[in-house]
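Each chain is listed here by its residues.
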Amino acid sequence: MRIYNDILEARTRGEKLLAVLIDPDKFDLTTAEAFITKVNASIANYIFVGGSIVGVNATEQLVEQIKTLTNLPIILFPGDVTQITNSANAILFLSLLSGRNAEYLIGQHVAAAPKLKTTNLEIIPTGYVLVESGAATAVQKVTKTKPLPRNNAEAIVNTALAGALLGLKIIYLEAGSGAKVAISKDIISAVKAALEIPLIVGGGICTKAALENAYAGGADLVVIGTAFEKDESFFDVLKP
């Protein structure tokens, strides 16, 4: 569990981590070299690959190309079982704790089990908690589940804590792709205080101030995706 251990060690040192999320369904492979060059020049520690709706083989094609352009670990952030490829380094084995659709609590996991039984991927069991963001996100539409209300901190904290008590290794607080409102510092802090495992935060983080706010709240790893889809100049504020 090298990547997970790296996250734990960074957390112990108080080092904050960053992942760049690439959605295979929205990414033009012809721009990969220029894009990954910017990722390599940034403070990013990981590249996440995945999306709510992705075409067959698109994930593997993208991962294979990225591998030729970077030494950063590539971690799958899959929307379903079809997005699993052994070409990556690790996979966030996501359970949608905020929803009540059994397909995304355990159904997709059962379907993935035969693929993962003999995989070389590092499997990181992850509790995925979708929080209301002011917009209907792709996750909400695909999973047919509602996000947790952003004004109900108790429900968000208890949901994250339940995941930790179940033995999941990471909690991922997500506002969703295209979120209008990022998860507040207060919510992040409350969840962080309840957990002894690493906390990932993503969604709606489109400025350096929002990034720093997530870190200040207690996020161990922040994920940025849509900001780069809209404007690659955001890389300019993420230089070492």
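Each value, and the rule that gives it
- Residues numbered from 1 in each chain as written.
- Predicted model: local features only at pLDDT ≥ 70, side-chain atom pairs only at ≥ 80, totals over all residues.
- Heavy atoms only, no water.
- Helix = DSSP H or I, 4+ residues; strand = E, 2+ residues; numbered from the N terminus.
- Rg over C-alpha atoms; globule rule 2.2 N^0.38 Å.
- Buried < 20%, exposed > 50% of the residue type's maximum accessible area, 1.4 Å probe, protein only.
- Contact = heavy atoms within 4.5 Å.
- Areas by Shrake-Rupley, 256 points an atom, 1.4 Å probe, with all protein chains shown as cover.
- Lys, Arg positive; Asp, Glu negative; His and termini not counted.
- Charge placed at Lys NZ, Arg CZ, Asp CG, Glu CD.
- Expected span 1.5 Å × (residues − 1).
- Arc of directions from axis to C-beta.
- Salt bridge = Lys/Arg side-chain N within 4 Å of Asp/Glu carboxyl O.
- Axes fitted to C-alpha atoms, helices over the stretch in contact; angles between N-to-C directions.
- Left-handed = near helix turned anticlockwise from the far one by under 90°.
- Nonpolar A, V, L, I, M, F, W, Y, C, P; charged D, E, K, R; others polar.
- Pairing = 2+ DSSP bridges.

Draft legend 1. How the structure looks around the overall build of the protein. Along its length, the protein carries 9 helices and 8 strands. Against the compact-globule benchmark of 18 Å for 240 residues, the protein has a radius of gyration of 16 Å, which places it among compact chains. Here the protein, with 240 residues, has 51% of them falling under the buried criterion. Partitioning the contacts of the protein with sequence separation of at least 6, the portion at a separation of at least 24 is 71%. When the accessible surface of the protein is split by element, carbon and sulfur atoms take 53% of a total near 10,900 Å². Side-chain charges of the protein comprise 21 positive and 23 negative groups, with the mean position of each set lying 4 Å from the other.

Draft legend 2. Broad picture of helix 1 (residues 2–13). With 12 residues, helix 1 extends 16 Å between its outermost C-alpha atoms, agreeing within 8% with the 16 Å of an ideal straight helix rising 1.5 Å per residue. Every buried residue of helix 1 is listed here: Ile3, Tyr4, Ile7 and Ala10. Along the axis of helix 1, the buried positions cluster into a sector of 120°, meaning they face one direction only. Residues of helix 1 that are exposed and point over 90 degrees away from its buried face: Thr12 and Arg13. Just past helix 1, the residue Gly14 takes up positive phi, approximately 80°.

Draft legend 3. Examining the environment of Ala58 more closely. Relative to the helices and strands, Ala58 is located in helix 3 (residues 58–67). When the C-alpha atoms of Ala58 and Pro114 are compared, they prove to be 21 Å apart, with 56 residues separating the residues in sequence.

Draft legend 4. Seen up close, the pattern of salt bridges. Counted according to the given criterion, the structure contains 7 salt bridges. The salt bridge involving Glu15 is made with Arg13; its shortest N-O contact spans 2.6 Å. When its relative accessible area of 32% is taken as the criterion, Glu15 is described as partly exposed. Across the pair Asp220 and Lys192 runs a salt bridge whose closest N-O atoms are separated by 2.9 Å. A residue pair is termed long-range when its members are at least 10 positions apart, and Asp220 in the loop between helix 8 (208–217) and strand 8 (221–224) and Lys192 in helix 7 (residues 185–194) qualify at 28 residues. Classification of Asp220 by relative accessible area gives buried; the value is 5%. It is possible to trace a salt-bridge network through shared partners that takes in Arg11, Lys192 and Asp220.

Draft legend 5. Inspection of the packing of helix 6 (residues 153–165) against helix 7 at higher detail. Where helix 6 contacts helix 7, the two axes come as close as 9 Å, and the packing angle between them is 35°. For helix 6 against helix 7, the interelement crossing comes out right-handed. Only Ile187, Ala190, Val191 and Ala194 of helix 7 make contact with helix 6, whose side of the interface consists of Ala153, Ile156, Val157, Ala160 and Leu161. Split into classes, the residues belonging to the contact of helix 6 with helix 7 amount to 9 nonpolar, no polar and no charged.

Draft legend 6. Representation of helix 8 within the structure. Within helix 8, burial applies to Leu211, Ala214, Tyr215 and Gly217. Angular distribution of buried residues about the axis of helix 8 spans 165°; they occupy a single face of the element. Where the residues of helix 8 are buried, they touch strand 1 (17–22), helix 7, strand 7 (199–202) and strand 8. Positive backbone phi, at 125°, marks Gly218, one or two positions downstream of helix 8.

Draft legend 7. Main features of the sheet that holds strand 2 (residues 46–49). Pairing within the closed barrel is parallel, and its 8 strands lie in the order 1-2-3-4-5-6-7-8. Pairwise comparison of adjacent strand axes, ignoring direction, gives a mean angle of 30° for this sheet. Where strand 7 and strand 8 come together, 3 bridges link them in parallel fashion. Residue pairing in the sheet places Gly202 in a bridge with Val223 of strand 8. Relative to strand 5 (residues 122–130), helix 1 is tilted by about 60°, and along the sheet it contacts strand 1, strand 2, strand 3 (74–76), strand 4 (90–96), strand 5, strand 6 (170–174) and strand 8. The sheet contacts of helix 8 involve strand 1, strand 7 and strand 8, and relative to strand 8 the element is tilted by about 155°.

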